[in-house]
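# Inside the fold
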There are 2 protein chains.
Amino acid sequence: MRVREIMSAPAITVQRGASLQDALELLATHHVTALPVIDETGALCGIISELDLLRAIMPNHAEDMGENPHEKLAEISDITQTETIDPLMTTDVLTTYEDEDVAHIAAHVSTRNIRSVPVLRNERIIGIVSRSDVIEALFRPDEELLNDLTADLADEGLYDWHATVQRGIVTLTGNGNAEEAQQALAVARAAAGVRKVSITTA
Amino acid sequence: MRVREIMSAPAITVQRGASLQDALELLATHHVTALPVIDETGALCGIISELDLLRAIMPNHAEDMGENPHEKLAEISDITQTETIDPLMTTDVLTTYEDEDVAHIAAHVSTRNIRSVPVLRNERIIGIVSRSDVIEALFRPDEELLNDLTADLADEGLYDWHATVQRGIVTLTGNGNAEEAQQALAVARAAAGVRKVSITTA
């Protein structure tokens with residue numbers, strides 16, 4: 001399975017120099033947890049997460065919110081209007097590309113600091129892959145995967161082809177037509193959750 | 001704004017003793033990033049996150065996936081079937097309750113280790129609040145909030161009442177009817193993204 005099959009595209013990005021408030025509103029509106037940061041030319045120059053933003057503006061302990069947390073939030077709100085994201089973003093960004101095997105990025109997102117990986121094509125951001133996307137790709141229940149794959153095969157008119165799935169490993173059984181076999185392989189490899197595909201002819 | 005207004009309910013939970021595979025499939029199927037763990041009586045006994053699970057099964061470095069990452073994944077798949085979540089879960093779990101002010105839990109989820117907070121009622125889990133839920137509650141764009149609130153006031157038949165919003169702070173303007181004023185206040189306080197409500201009569 002390739003990155004292109006599991007990435008979210010387009011990625012929601014934020015401009016360098018944006019206020020904390022702008023970044024927080026982008027997170028809130030688009031329901032994402034991190035934003036790649038782009039410069040004036042559109043090139044990637046960093047990434048900023050919801051945790052980066054909250055840690056910068058919130059007190060470290062709940063008790064420090066004081067007796068009136070809403071007054072504290074109003075103070076915080078002033079900060080979010082005036083400060084920019086630039087000092088808070090991570091500038092050493094791990095990136096990937098559409099044809100990368102999902103298995104290769106699984107190890108990266110298993111570390112504490114990497115939860116989102118921008119996908120680049122010709123140095124432009126075309127999507128983003130999250131830790132959750134990787135889990136959904138690698139640990140999908142076999143039954144769900146089989147239902148999708150069966151529908152995909154039918155959509156392509158491959159009525160002579162049938163699949164079985166065990167722990168994400170697909171076995172295709174079909175007729176001896178070599179062209180159809182190639183089509184069926186391509187369909188199975190593109191299905192979310194597939195780790196490996198093998199083929200047998202009935 | 002109260003926790004009940006922003007929590008996801010019901011929470012997706014996992015039983016103590018479940019396999020890593022079971023937990024990973026729950027994360028993948030329900031698109032969540034953490035699962036409260038319950039014992040045989042249904043009581044909360046821990047929480048396990050996608051990061052806890054991935055860190056336990058994935059190599060620390062992408063290079064350690066080897067030349068054939070799919071063989072490595074097949075090995076990992078054996079582990080996920082046989083190992084249980086019990087040694088991996090966090091047992092010291094921060095919890096909250098429906099009437100808690102969202103501002104109070106904002107500081108908690110601003111720390112690295114807390115991304116999800118189970119919501120309890122009579123020691124039973126009735127929902128869960130994530131870091132993203134808190135951001136969406138506290139940093140929603142004023143315009144979005146105003147649109148929702150205007151619709152909510154109309155739904156309640158409060159046609160004489162109008163709202164303005166600035167940085168999440170709502171000012172209501174309406175007629176002198178005390179009962180309607182109380183209704184309008186309740187509607188505004190329940191709207192997602194509202195920090196504070198004040199009232200003026202025209």
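Residues numbered from 1 in each chain as written. Chains lettered and ligands numbered in written order. Predicted model: local features only at pLDDT ≥ 70, side-chain atom pairs only at ≥ 80, totals over all residues. Heavy atoms only, no water.

As annotated in an unreviewed UniProt entry, chain A carries the name Putative manganese-dependent inorganic pyrophosphatase and comes from Dermatophilus congolensis.

### Observations regarding the relation of the copies chain A and chain B
Of the transformation placing chain A onto chain B, the axial shift is 0.0 Å and the rotation is 180°, giving an RMSD of 0.0 Å. Look at the turn and shift together and you get a two-fold axis relating the two. Relative to the rotation axis, the closest C-alpha in chain A is found at A:R112, a distance of 4.6 Å. The fraction of interface residues of chain A whose copies in chain B are also interface residues reaches 100%, indicating that both copies meet through the same surface. (Least-squares fit on C-alpha atoms with pLDDT ≥ 70 in both. Contact = heavy atoms within 4.5 Å.)

### A short note on the domain arrangement of chain A
Residues and elements named next belong to chain A. As far as domains go, chain A holds domain 1 (3-138) and domain 2 (142-201). On a C-alpha basis, the centroid separation for the pair domain 1 and domain 2 is 36 Å. Contact between domain 1 and domain 2 buries roughly 330 Å² in total, counting both sides, with carbon and sulfur atoms accounting for 40%. The three residues of domain 1 that bury the most area against domain 2 are E5, A137 and L138, which together make up 91% of that side's buried surface. At the surface where domain 1 touches domain 2, the tally comes to zero salt bridges. Between the two partners, domain 1 and domain 2, sit one residue pair in polar contact (both at pLDDT 80 or more). (Domains from an automatic or database assignment. Buried area = accessible area lost by both parts, 1.4 Å probe. Salt bridge = Lys/Arg side-chain N within 4 Å of Asp/Glu carboxyl O. Polar contact = N/O pair within 3.5 Å; in protein donor to acceptor, adjacent residues only side chain to side chain.)

### Comments concerning the interface of chain A and chain B
At the interface, 49 residues of chain A touch 49 residues of chain B. Together, the buried faces of chain A and chain B total about 4900 Å²; carbon and sulfur atoms form 60% of this surface. The interface formed by chain A and chain B holds zero salt bridges in total. Along the contact surface separating chain A from chain B lie six residue pairs in polar contact (both at pLDDT 80 or more). Looking at the side of chain A that touches chain B, the elements that each hand over two or more residues are α1 (20-30), α2 (50-57), α3 (69-82), α4 (102-106) and α5 (131-138) of chain A. Top element by residues in the side of chain A that touches chain B is α3(A). It accounts for seven residues. For the side of chain A that touches chain B, the class distribution of residues is 20 nonpolar, 16 polar and 13 charged. (Helix = DSSP H or I, 4+ residues; strand = E, 2+ residues; numbered from the N terminus. Nonpolar A, V, L, I, M, F, W, Y, C, P; charged D, E, K, R; others polar.)

### Regarding the pattern of salt bridges
This structure, assessed with the given rule, holds 14 salt bridges over all chains. Residues A:K72 and A:E75 are paired through a salt bridge, measuring 3.9 Å at the closest nitrogen-oxygen approach. Placement of the pair is A:K72 and A:E75 together in helix α3, with a separation of three residues, close to one helical turn. Looking at A:K72, the relative accessible area reads 24%, which means it is partly exposed. Where B:D99 meets B:R4, a salt bridge forms, and the shortest distance between an N and an O atom there is 2.8 Å. (Buried < 20%, exposed > 50% of the residue type's maximum accessible area, 1.4 Å probe, protein only.)

### As for the UniProt feature "domain: CBS" (unreviewed entry) in chain A
All names here are of chain A. Residues annotated in UniProt with the feature "domain: CBS" (unreviewed entry) correspond here to residues 7-63 and 89-144. The distance from the first to the last C-alpha atom of residues 7-63 is 39 Å, and the span holds 33% helix and 23% strand. Helix makes up 29% of residues 89-144 and strand makes up 27%, while its end C-alpha atoms are separated by 38 Å. (UniProt positions renumbered as here; feature names shortened; annotations may be inferred.)

### Section: the sheet that holds strand β4 (residues 96-97) of chain A
Residues and elements named next belong to chain A. Spatial strand order, β4-β5-β6: three strands in an open sheet with mixed pairing. On the outer flanks of this sheet lie β4 and β6 (124-130), each paired with one strand and no other. Across six bridges, strand β5 (residues 116-121) lies against β6 in antiparallel orientation. Bridge pairing links L120 to I125 in β6. (Pairing = 2+ DSSP bridges.)

### A few points about the packing of helix α7 (residues 142-155) of chain B against helix α8 (residues 178-190) of chain B
Residue and element names in this part refer to chain B. Here α7 crosses α8 at 145°, and the two axes come no closer than 10 Å. Between α7 and α8 the crossing geometry is right-handed. Contacts from L149, D152 and L153 of α7 reach α8 at A184, V187 and A188. Looking at side-chain class alone, the contact of α7 with α8 contains five nonpolar, no polar and one charged residues. (Axes fitted to C-alpha atoms, helices over the stretch in contact; angles between N-to-C directions. Left-handed = near helix turned anticlockwise from the far one by under 90°.)

### Quick word on the sheet that holds strand β1 (residues 14-15) of chain A
Strands sit in the order β1-β2-β3 (chain A) across an open sheet of three strands; the sheet is mixed. Strand pairing shows two members of the sheet lacking a second neighbour, β1 and β3 (44-49) of chain A, which therefore form its edges.

### Regarding helix α7 (residues 178-190) of chain A
Residues and elements named next belong to chain A. A rise of 1.5 Å per residue sets the reference length of α7, with its 13 residues, at 18 Å; its end C-alpha atoms lie 19 Å apart and thus fit the reference within 8%. Among all positions of α7, only E180, A181, A184, L185, V187 and A188 are buried. Along the long axis of α7, the arc covered by the buried residues comes to 165°, so they all point the same way. When the buried face of α7 is taken as reference, the exposed residues oriented beyond 90 degrees from it are A178, E179 and Q182. (Expected span 1.5 Å × (residues − 1). Arc of directions from axis to C-beta.)

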